[in-house]
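# Working through the structure, step by step
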Amino acid sequence: MKETEYYRISGKKEDLRLSSRILEETIQREVAHGHRVIEVEAFGQHGIGGRLFKADGEAVRIRIVGHSGQRTGSLGCPNTEIEIVGPASDDIGWLNAGAEITVHGNASNGAMNGAAQGKVFIAGNIGARGMTMTKHNPRFEPPELWVLGSAGDYFGEFMAGGVAVICGHEPQNPESVLGYRPFVGMVGGKAFFRGQANGYSKADAVMMPIEDTDWDWLVSNMGTFLDKIGRPELFDSLSKRSEWQMLRAKTPREKMSKSKQLSMAAFRRDVWDRELGKGGLIGDLEEVEHDAIPVITKGELRRYVPVWEHGKYKAPCQTACPTGIPVQERWHLIRNGLVEEALELGLKYTPFPATVCGNLCPSPCMASCTKHDQYMTPVNVRLLGRAGLEGVTPEPAPASGKQVAVLGAGPGGIAAAWHLALQGHEVVIIDGSDKIGGKIASLIPASRIAQATLDSELDRVRELIPDIRLNQKITSKEFSRLKNEFDYVVVATGASKPRLLPVPGIEKAVSANDFLEAAKKDEAVCGKRVVIIGAGNVGCDVATEASRLGAETISMIDVQKPAAFGKEREDAEAVGATFAWPCFTREISEQGVVLQDDDLMEADTVVVSIGDLPDIDFLSDTVDTRNGFIKVDEFNRTSDNSVYAIGDSVAPGLITDAIGAGKRAARAIDAAIQGKAPEIADPRPQIDKARVSLEYFDPTIKSYDTLDQCGEECASCGRCRDCQICVTVCPEAAIQRFDTSDGGYEYRVDPARCIGCGFCAGACPCGIWALVPNTPL
């Protein structure tokens, strides 16, 4: 995008100063929208112009007017050019990674502190500790700091790379262009200066004559510097070779030349062997060659070795998902343009990607995202779920000839039937209702799920499982017949018997299920004042429906802190529902709910929402129960080997818990049909979140708009992104990428080159590399 004038951003809004974070987010947003030439009116905000990586490599020019705060241009990118019209505060160019920054005035302390690339041009003097702790990767140009005037104390402290040029024009101190104790701890880089540099650390730096190549570099770049700061007229006065000096860091050998310490070889020869004999105490047994061993060892002498652990661990999102959906694998497919494959992978785990994953699920995957550890917004899995409407049903396996009856057409029962059908087994769904979908279809308000979305996914279910028998009441006799007729039976009848309070007047109340079912049909009777006993998520659904039906005051009470959370609670609060606890109901009267402390909560309608119990009277004696629920093992097998149970008939839970249990039971039945023992679907442990490097991802994103954006911002915990950052950062070029015979890839380490430094493990975004002790050592 070409612009002929600056796009202006103010550091104030409605005469109030914006925080540094808000201003940075504003600049990032405008760069992402295509603006490349921006003027910022600053009011002391920090970090202006840093991290502008959203420009896709295009040049971005930032002009700052007003008062720039600390760390202007920090973490600046190579595509960024920053101009400060005036002086600069502390740490200009801090951790610079390639930006070019021009200051039309003085700069205070810490100029170019910790920089690795880029250039900073100062049209005046700088304060203390300029050019400290810089570094230089030989693969890139070194960082440069140009100062027209002089520098303050401790200049170049612990400098490890880069070039500094101090011109000494009108210096603050004519006797020395550098302040107190410059170049202490200097280990790399060099500095040109015009004038005197008294008191520099001679233990760390050495004065050198300026060679022709160095002089040519200085003069050729001097013109650029002076043009940047608007002082080209100074070129002749600043280009007199006799006035310039150059200083560089001493080499390790030069630093050791005056040391009185013995080398290890000298100690062994002159002390150890002389006192104890050749080889010391075990000289007659020792066969070690005393040749020089490099300080940095390779091969079997490494203390640690890097291991590529792609796929060894599950991502936190997958671990948290009750259905076990490999979310990170789906985002990997999205990143590689394989959208259809990503949607199909979702359908291999759930028949309800849009209805549940995209709308009804509270998204424990997003709640567990590693990004929360750095207060970053997790990628929006709901977008991927909603896209599942376009997914194509996976191809079923060949018919096995085995028959399975699934009792219950709710989300859990449908999930079990779905996976059994995909495994090639003949499935019949039997339900006492007149439609499939269970509570999703009959109770959950339309405000939470669009009817068209649910209908579309239920149609997909009917295509895969045509034998669905409705209005079929399950009795003990019918259950026994089904056990004899089918190879296996899955009980997924849910919990439909409401729990009621043993208090006087309970007959005046309505259960949450009855209220929601009537509301779904627009047949519910609702007064202006509603009290809901039980402040869970189902109670919140009651509140939103009551509001839709005309309730003016809605009170939700509980004996403990309300269990409601997520969107359900947000929706209830949005319609004005209030929460109160602890509240103990004594009776329900014509006036409302009477509490144990005699308080009266006036109500025209009272709804009880304290949970439900399963109706499992039809079960045979071969199926054990406990506290009114069916007893199962970790694979959802009951005490009867031909009967499995899932969902709310086993224990209360989320819709996704029921779907996950349906998949688990289907896998176990399939294993039994094949004569195998059931296995945990994915026994891998979760990756340690500390292994994942979030520095590569945008912390300013507050919401996600597209699947592509989510795919790029997914940290891919435990799953290699194939970014080759490890190859790039390896200082010994010891890592290579290889294609594998199955169409995949792997990264291998050459032991002859690897020094076990761990750069690969430290730099990997996804936590794939581990540094482990070297077994031979």
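Because the structure is a prediction, the values reported are computed rather than measured. (Residues numbered from 1 in each chain as written. Predicted model: local features only at pLDDT ≥ 70, side-chain atom pairs only at ≥ 80, totals over all residues. Heavy atoms only, no water.)

### Section: the pattern of salt bridges
What counts, and what does not: Throughout this description, the term salt bridge denotes a Lys or Arg side-chain nitrogen within 4 Å of a carboxyl oxygen of Asp or Glu. A helix here means a DSSP run of H or I that spans at least four residues, while a strand means a run of E at least two residues long, and both kinds are numbered starting from the N terminus.
Under the criterion given, the structure shown has 47 salt bridges. As a salt-bridge pair, Arg481 and Glu478 come within 2.6 Å of each other at their nearest N and O atoms. Taken together, the residues Arg481 and Glu478, both in helix α15 (residues 476-485) and 3 residues apart, mark about one turn of the helix. Through salt bridges with shared partners, one network takes in Arg8, Glu39 and Arg63.

### With respect to the packing of helix α16 (residues 512-520) against helix α17 (residues 537-548)
Worth spelling out the cut-off: Fitting a line to C-alpha atoms yields each axis, with helices limited to the stretch in contact; the angle taken between N-to-C directions then spans 0 to 180 degrees. Any angle that is under 35 degrees is reported as roughly parallel, and any over 145 degrees as roughly antiparallel; angles of 65 to 115 degrees are reported as roughly perpendicular and all others as oblique. A crossing counts as left-handed when the near helix is turned anticlockwise from the far one by less than a right angle, and as right-handed when that turn is clockwise. Two residues qualify as a contact provided that any one of their heavy atoms is within 4.5 Å of a heavy atom in the partner residue. Polar here means any residue outside two lists: the nonpolar Ala, Val, Leu, Ile, Met, Phe, Trp, Tyr, Cys and Pro, and the charged Asp, Glu, Lys and Arg; Gly therefore counts as polar.
In the contact formed by α16 and α17, the axes pass within 10 Å of each other and the chain directions differ by 40°. One element, α16, and the other, α17, form an angle in the oblique class. Relative to α17, the crossing made by α16 is left-handed. When α16 is examined against α17, the residues Ala512, Phe515, Leu516, Ala519 and Lys520 are found in contact with a partner set consisting of Val538, Asp541, Val542, Glu545, Ala546 and Arg548. Considering only residue class, the contact of α16 with α17 consists of 7 nonpolar, no polar and 4 charged.

### A closer look at the packing of helix α7 (residues 327-335) against helix α8 (residues 339-347)
Remark: α7 packs on α8, axes separated minimally by 7 Å, with the N-to-C direction vectors making an angle of 165°. Our classification of the angle between α7 and α8 gives roughly antiparallel. Crossing handedness for the pair α7 and α8: left-handed. Along the contact surface, α7 presents Glu329, Arg330, Leu333 and Ile334, while α8 presents Val339, Glu341, Ala342, Leu343, Leu345 and Gly346.

### A look at the pairing of strand β33 (residues 745-749)
Cut-off, in case you're wondering: By the convention used here, strands pair only if DSSP detects at least 2 bridges between them.
Here 5 bridges tie strand β32 (residues 735-739) to β33, and the two strands are oriented antiparallel to one another. Of the residues in β33, the one forming a bridge with Arg737 is Tyr747. Between β32 and β33, which follow one another and run antiparallel, lie 5 residues, and Gly743 among them has a positive phi close to 90°.

### Some details on the nonpolar core
The condition is simple: Here, the term nonpolar core denotes a set of buried Ala, Val, Leu, Ile, Met, Phe, Trp, Tyr and Cys residues that are joined through side-chain atoms within 4.5 Å. Remark: exposure states derive from per-residue accessible area (1.4 Å probe, protein chains only) relative to the maximum for the residue type, with buried under 20%, exposed over 50%, and partly exposed in between.
Counting 46 residues, the largest nonpolar core has Ile92, Ile122, Ile126, Leu145, Phe155 and Phe183 as the members making the most contacts within it. Excluding residues within four positions of it along the chain, Ile122 makes contact with Ile92, Val103, Gly105, Ala107, Leu145, Trp146, Val147, Leu148, Phe225 and Ile229. Grouped together as the second largest cluster of nonpolar side chains are 40 residues, Ala415, Val427, Val461 and Phe635 included.

### Some remarks on the pairing of strand β21 (residues 529-533)
Rules: Crossovers are described as right-handed under a simple rule: with the strands pointing away from the observer, the path leading from the first strand over the helix to the second runs clockwise.
For β21, a buried count of 4 out of 5 residues is recorded, marking the element as mostly surrounded by other parts of the structure. Sheet topology places β21 next to strand β22 (residues 553-557); 5 bridges connect them, and they run parallel. Along β22, the bridge assignment pairs Ile532 with Met556. The parallel pair β21 and β22, bridged by α17, forms a crossover whose chirality is right-handed. Here 4 bridges tie β21 to strand β27 (residues 605-608), and the two strands are oriented parallel to one another. Considered in β27, the bridge of Val531 is made with Val606.

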